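What follows is each chain in one-letter form.
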Amino acid sequence: MIKEMDRSPIGVFDSGLGGLTVVRELKKLLPCEDIVYFGDTGRVPYGTRSRDTILRYAQQDMRFLLSKNVKMIIAACGTVSSILGDGVDVSVPFTGVVKPAAAAAVKATKNGKIGITGTQATISSKSYVKEIGALAPDAQLFEKACSLFVPVVENGFVGIDDPLPEIVVRRYLEPMMENGIDTLILGCTHFPILAPIISKVLGESVTLIDAGAETARYAASLLGENDMLCKDGKSGKYSYYVSDRTDDFSVVAGTFLGEDISGSVDRVDIHSL
Ligand code: DGL
């Protein structure tokens, strides 16, 4: 028998496009699941804002997703995950991105030298340092806030042959290579969208940890453990919401997801929630 809750969508939110790294992986892993995505494009970036502002935005984003009757909420945002930590009071299962990405990095590293990237708010919170410290106290960690990566992605400068993102990536990440890292956490969900360029700059020897994809895998196992997976075999439906113009989002998101989503993007007035 199909429980009513199982057919409810999974709710995913981010400040903008970054959370699509979770959606892309969820679609591969759980093709039957419906997904409601909210990108707060009217207020991106989050990562340069104060803790109070980020908390207020996150509460509004989650309220919106709950109004869509979601069965799980994924804060597909390193910044929100870092500020909320484990203390999230919602009526459905919840996950952020920090724990899954930290666990994957600890598993991946061979020499124990891990680079951590994120927004300013994420790096200042030390969220990844605390998580990794609990799992691998001897790991050597090297952090870098890469604030310019978010506007680069939001503006669609993501082509592998585009010199602009490559210059930005080099400026932030080349110094980290002097530390001999073999693993780099892309700890803001916008950053995996630049992964091909980051790999080009850092070389194949550095394993990139995609916080979005790791979180999708973790969320899938959480739903399975709680017997909440959709089992009716139908293809999932996807709805995208943003807090400002829908057109730019549709173009960049469509390119990233590899499909035309322009008919499924709506605007929501997040301020009123
Ligand atoms: N994608 C986000 C994160 O993972 C937010 C970036 C931002 O809005 O600054 O941190």
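Structural data are supplied above this passage.
Since this is a predicted model, take the numbers as computed values, not measurements.

1. Thoughts on unusual backbone geometry
(1) Moving on: The step from Val-44 to Pro-45 runs through a cis peptide bond, and the omega angle for that step is 5°.
(2) Moving on: You can see Pro-45 is positioned in the loop between strand 2 (35-39) and helix 2 (51-67).
(3) Moving on: In the Ramachandran plot, Lys-126 falls in the positive-phi region, its phi being about 65° despite a non-glycine side chain.
(4) Moving on: With respect to the element layout, Lys-126 can be found in the loop between helix 5 (120-125) and helix 6 (127-135).
(5) Moving on: The phi torsion at Asp-227 lies on the positive side, around 50°, for a residue other than glycine.
(6) Moving on: Tracing the sequence through the fold places Asp-227 in the loop between helix 10 (211-225) and strand 9 (238-242).
(7) Moving on: For Asp-227, a relative accessible area of 41% translates into the label partly exposed.

2. Looking at the state of the cysteines
(1) Moving on: Within this structure, the stated rule accounts for 0 disulfides.
(2) Moving on: Residue Cys-32 stays outside any disulfide, its sulfur separated by 5.6 Å from that of Cys-230, the closest cysteine.
(3) Moving on: Not engaged in a disulfide, the cysteine Cys-77 finds its nearest cysteine sulfur in Cys-188; these two sulfurs lie 6.7 Å apart.

3. Focus on the side chain of Asp-34
(1) Moving on: Of note, Asp-34 is situated in the loop between helix 1 (20-29) and strand 2.
(2) Moving on: Within the structure, Asp-34 has its side chain in polar contact with the backbone nitrogen of Lys-237 (distance 2.8 Å).

4. Regarding the site of the ligand
(1) Moving on: What surrounds the ligand is a group of 14 residues, the closest being Ser-15, Tyr-46, Gly-78, Thr-79 and His-190.
(2) Moving on: Side-chain polar atom of Asp-14 to a nitrogen atom of the ligand: 2.9 Å apart, as the coordinates give it.
(3) Moving on: Between Thr-189 and the ligand, the recorded distance is 2.8 Å, taken from a backbone N or O atom to an oxygen atom.
(4) Moving on: Taking 300 Å² as the accessible area of the ligand by itself, protein coverage stands at 99%.
(5) Moving on: When grouped by side-chain class, the residues that make up the shell around the ligand number 6 nonpolar, 7 polar and 1 charged.

5. Topic: the packing of helix 1 against helix 11 (residues 247-257)
For any two helices packed against each other, the geometry comes down to the angle between their axes and how far apart the axes lie.
(1) Moving on: With their axes 10 Å apart at the nearest point, helix 1 and helix 11 run at an angle of 40° to one another. With respect to their mutual orientation, helix 1 and helix 11 come out oblique. Here helix 1 runs over helix 11; the crossing is right-handed. Residue-level inspection shows Leu-20, Thr-21, Val-23 and Arg-24 of helix 1 in contact with helix 11, the latter providing Phe-249, Ala-253, Phe-256 and Leu-257.
(2) Moving on: The class makeup of the residues in the contact of helix 1 with helix 11 is 6 nonpolar, 1 polar and 1 charged.

6. Considering the packing of helix 1 against helix 10
(1) Moving on: Viewed as axis vectors pointing N to C, helix 1 and helix 10 meet at an angle of 45°, and their least axial separation amounts to 7 Å. The orientation of helix 1 relative to helix 10 falls into the category oblique. Crossing handedness for the pair helix 1 and helix 10: right-handed. Contacts from Thr-21, Val-22, Glu-25, Leu-26 and Leu-29 of helix 1 reach helix 10 at Gly-212, Ala-213, Thr-215, Ala-216, Arg-217 and Ala-220.
(2) Moving on: The residue inventory of the contact of helix 1 with helix 10, partitioned by class, reads 6 nonpolar, 3 polar and 2 charged.

7. Some details on the environment of Ala-213
(1) Moving on: Its place among the elements puts Ala-213 in helix 10.
(2) Moving on: Residues Ala-213 and Gln-120, spaced 93 residues apart in sequence, show a C-alpha to C-alpha distance of 21 Å.
(3) Moving on: Leave out the neighbours within four places in its chain, and Ala-213 touches Thr-21 and Glu-25.

8. Overview of the pattern of salt bridges
Where charged atoms of side chains with opposite charge meet at close range, the side chains can pair.
(1) Moving on: Considering all chains together, one arrives at 18 salt bridges under this definition.
(2) Moving on: Across the salt bridge formed by Arg-170 and Glu-174, the nearest N and O atoms sit 2.5 Å from each other. Highlighted residues: Arg-170 and Glu-174, both in helix 8 (residues 163-177), separated by 4 residues, approximately one helical turn.
(3) Moving on: Classification of Glu-174 by relative accessible area gives partly exposed; the value is 36%.
(4) Moving on: One salt-bridge network, held together by shared partners, links Arg-7, Asp-34, Asp-232 and Lys-237.

So, how was this worked out
- Residues numbered from 1 in each chain as written.
- Predicted model: local features only at pLDDT ≥ 70, side-chain atom pairs only at ≥ 80, totals over all residues.
- Heavy atoms only, no water.
- Helix = DSSP H or I, 4+ residues; strand = E, 2+ residues; numbered from the N terminus.
- Buried < 20%, exposed > 50% of the residue type's maximum accessible area, 1.4 Å probe, protein only.
- Disulfide = S-S within 2.5 Å.
- Polar contact = N/O pair within 3.5 Å; in protein donor to acceptor, adjacent residues only side chain to side chain.
- Near = heavy atom within 4 Å.
- Areas by Shrake-Rupley, 256 points an atom, 1.4 Å probe, with all protein chains shown as cover.
- Nonpolar A, V, L, I, M, F, W, Y, C, P; charged D, E, K, R; others polar.
- Axes fitted to C-alpha atoms, helices over the stretch in contact; angles between N-to-C directions.
- Parallel < 35°, antiparallel > 145°, perpendicular 65-115°, else oblique.
- Left-handed = near helix turned anticlockwise from the far one by under 90°.
- Contact = heavy atoms within 4.5 Å.
- Salt bridge = Lys/Arg side-chain N within 4 Å of Asp/Glu carboxyl O.

Interpretation note: all reported values are geometric properties and have no functional meaning in isolation.
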